[in-house]
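The chain contents come next:
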Amino acid sequence: MLGLILFYLVPTIRGIYLSFTEYSILGDPEWIGTRNYERIAKDPLFWNALGVTSEYVVINIVLQTALALGLAILMHRVAKSTLVRGALLMPYLMANVIAALLWFWMLDYQIGIINQIIEWTGLPRVAFFGSEQWAIPTQALINTWRHMGYTALLIFAGLQAIPNSVYEAASIDGSKAMSTFWRITLPLLRPVLVLVLVVTVIGSFQVFDTVAVTTAGGPVNATRVLQFYIYQRAFNEQDFGYGSALAVILFLILAIVAFIQMKFLRGNQSDLD
Amino acid sequence: MTTLASPKNGSRRRPLSRPFNWRRAIALTLLALAVAVSILPFYWVLRTALSSNGSLAANSANLLPADFNLGAFKRVFGLQSAADAIAEGGSGASINFWQYLWNSLLFSGITTACAVFFSSMAAYAFSRLRWKGRDAVFSLFLATMLVPPIFTALPNFLLIKNLGLLNSMLGLVLPYLFMTPFAIFFMRQFFLNMSREVEEAAMLDGAKHWRIFFQIIMPNAAAPIATLALLTFMGQWNEYFWPLLVGTSEESRVLTVGLGVFKSQSPQGAPDWSGLMAATLVSATPVLILFAIFGKRIVNSIGFNGTK
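Heads up: these notes are all about the structure in this document. Starting from 1, residues in each chain are numbered consecutively following that chain's sequence as written. Here the convention is simple: chains get letters from A, ligands get numbers from 1, in the order in which they are written. Confidence filtering applies because this is a predicted model: local features only for residues at pLDDT of at least 70, side-chain atom pairs given and counted only at 80 or more, and all residues used for totals across whole chains, interfaces and linings. To get the side-chain values, all heavy atoms of the structure are used, and hydrogens and water are removed first.

1. Brief notes about the overall build of chain A
Thought 1: From N to C terminus, chain A includes 12 helices and 2 strands.
Thought 2: A helix here means a DSSP run of H or I that spans at least four residues, while a strand means a run of E at least two residues long, and both kinds are numbered starting from the N terminus. Reading chain A from its N end, one meets helices and strands in the order α-β-β-α-α-α-α-α-α-α-α-α-α-α.
Thought 3: Projected onto its principal axes, the C-alpha coordinates of chain A cover approximately 75 × 55 × 35 Å.
Thought 4: To sort residues, take the accessible area from a 1.4 Å probe on protein chains only and compare it with the maximum for the residue type: under 20% means buried, over 50% means exposed, and anything in between is partly exposed. The buried share of chain A, taken over its 273 residues, is 58%.
Thought 5: Counting only contacts in chain A whose residues sit at least 6 apart along the sequence, the fraction spanning at least 24 positions is 67%.
Thought 6: Taken as a whole, chain A presents about 12100 Å² of accessible surface, with 65% of it coming from carbon and sulfur.
Thought 7: Computed over 16 positive and 16 negative side-chain charges, the separation of the two mean positions in chain A equals 9 Å. Pairs of residues are marked as contacts when any of their non-hydrogen atoms sit within 4.5 Å. Each accessible area is a Shrake-Rupley estimate made with a 1.4 Å probe; only the visible protein chains count as cover when residues are assessed. Under the counting rule used here, the positive set is Lys and Arg, the negative set is Asp and Glu, and His together with the chain ends is not counted. The atom standing in for a charge is NZ when the residue is Lys, CZ when it is Arg, CG when it is Asp and CD when it is Glu.

2. Some thoughts on helix α8 (residues 149-162) of chain B
All names here are of chain B.
Thought 1: Take the residue count of a helix, subtract one, and multiply by 1.5 Å to get its expected span. A rise of 1.5 Å per residue sets the reference length of α8, with its 14 residues, at 20 Å; its end C-alpha atoms lie 20 Å apart and thus fit the reference within 8%.
Thought 2: For α8, the buried fraction is high: 10 of the 14 residues fall into the buried class.
Thought 3: Among the residues making up α8, those that are buried are Ile150, Phe151, Thr152, Ala153, Leu154, Pro155, Asn156, Phe157, Leu158 and Ile160.

3. Some points on the interface of chain A and chain B
In many analyses, interface size is given as the accessible surface area lost on bringing the parts together.
Thought 1: Taken residue by residue, the interface counts 75 residues in chain A and 73 residues in chain B.
Thought 2: Once two parts are put together, the accessible area they lose, assessed with a 1.4 Å probe and summed over both, is termed the buried area. Carbon and sulfur atoms supply 82% of the area that chain A and chain B bury against each other, a total of about 6900 Å² over both sides.
Thought 3: A pair is scored as a salt bridge if a Lys or Arg side-chain nitrogen falls within 4 Å of a carboxyl oxygen belonging to Asp or Glu. Counting the contacts that link chain A with chain B gives 0 salt bridges.
Thought 4: In terms of residue count, the dominant contributor to the side of chain A that touches chain B is helix α1 (residues 2-18) of chain A (12 residues).
Thought 5: Partitioning the side of chain A that touches chain B into residue classes produces 60 nonpolar, 11 polar and 4 charged. Each residue gets one label: Ala, Val, Leu, Ile, Met, Phe, Trp, Tyr, Cys and Pro are nonpolar, Asp, Glu, Lys and Arg are charged, and the others, such as Gly, are polar.

4. Here's the deal with helix α12 (residues 209-220) of chain B
An α-helix turns once per 3.6 residues; consequently, residues spaced three or four apart project the same way.
Residues and elements named next belong to chain B.
Thought 1: A rise of 1.5 Å per residue sets the reference length of α12, with its 12 residues, at 16 Å; its end C-alpha atoms lie 15 Å apart and thus fit the reference within 8%.
Thought 2: Of all the residues in α12, the buried ones are Ile212, Phe213, Ile216, Ile217 and Met218.
Thought 3: Lining the buried residues of α12 we find α6 (97-127), α10 (181-192), α11 (197-204) and α13 (222-238).

Purely geometric stuff here, so don't read any function into it on its own.
This is the structure we're talking about:
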């Protein structure tokens, strides 16, 4: 109880307070009202970070959810084996840092295996981490690799909760496989899908580890995601007030996104009851 | 081929035999592909770790280790002389791998033990005791799950700094020590489903909350507690952001942070790939061992999040 108040509640309130101050760790925080927020509104680096993060989030969600849904259905239909599930879960158990280093090596421009394969197929090599165009999709791919199996397992658990009688009724009514999927499976999966989406979006907005280990924000600003930008402002430039204000913005974005998703998709109601 | 024999027979058999098998084969292939994509990178790490840096460039697509040797692992564990290490593409500077390993173990072990214990107690209070404002406080707890870690990391960092605990193990573990919202949520679900009868009988015999908690609740919840400990330990082992902020001295640097240092420590320009991959592999080993032993439990615990 005390711990939670000390390390969650108090910091939350203190963080909000700091965001209205100018604080460079050396002196005391100095109250400057909303000036940090005015600065953010005019900060091109912030808008860049927001754009880059959004790109990452969108690629991540689309890829991860689609792949995971497909995998979950495959698992449900053809192989429920724990071995398959365990294999798919392996990447998820690795640290972000390890996943990042592993792919940093495999995607290396000179001697990475992926670029070797690309060359065999007759295509030109890709500077995955070095080009502004590819840097963010590459980060998203690494994250998708790490989380795909985990997300698939969540959806798989949801699939197993759908009673067979629903499918039997549908097939008696002459429903085809595709329309069964769209009209029965997907709607009944909604609570799980909403959970998955909320977790994925909130998680993706906070991407940091892979970026910090591989590209550190570069090339130019191509991967300077929000969390990395906050980190740089607060800890590299000792500008804690501004960093806190940025963190408040990130917090607000997450809260709004979660709220919209819950409301819009009515996540807490299940159609099964 | 046989479907041509008689139209009647063919139309009856079709949904069962050929088209069905086709779809099944495609489905199995896709699944196998997904499994391969998940697992093969680990083989590639092993293969690279067993290669020598000099031969990697020339044999970059060879499936077997290029110039098989254990130099990279020796480098990681500090068993190689500086001259040999530089000759094989390492940095020559020693990385305190054993120290980092020990730090990681300490950091994950302490936080797991404490967090599981205190979270169970809190969960007990939230599920088995009746007190005023209980549900309101619990909602507040759940709300803190939404707060992004970086948001609390800034003020927490300042707090640890003001306490003079930067770069110490105590500063590293302190914020995780008491409990996490997720752990409380997780344990509460199990406690809610436990039957009240034994507990009430014990109360009639005059048992106090402490005894009930330690002698009835905890032993009965051994399985979920083990699962939670497992998940917490793995999460802590993989933690990067907080240790990066607080643990930058040799005495408090954990493996994840150490790997980042290892990566940037190569003076020749080209990274020491085989050394880096060997270090990566060794860092992942504890999690891989846990997974090999408790794999089923871990896999099954995932469904819990989804359905509850």
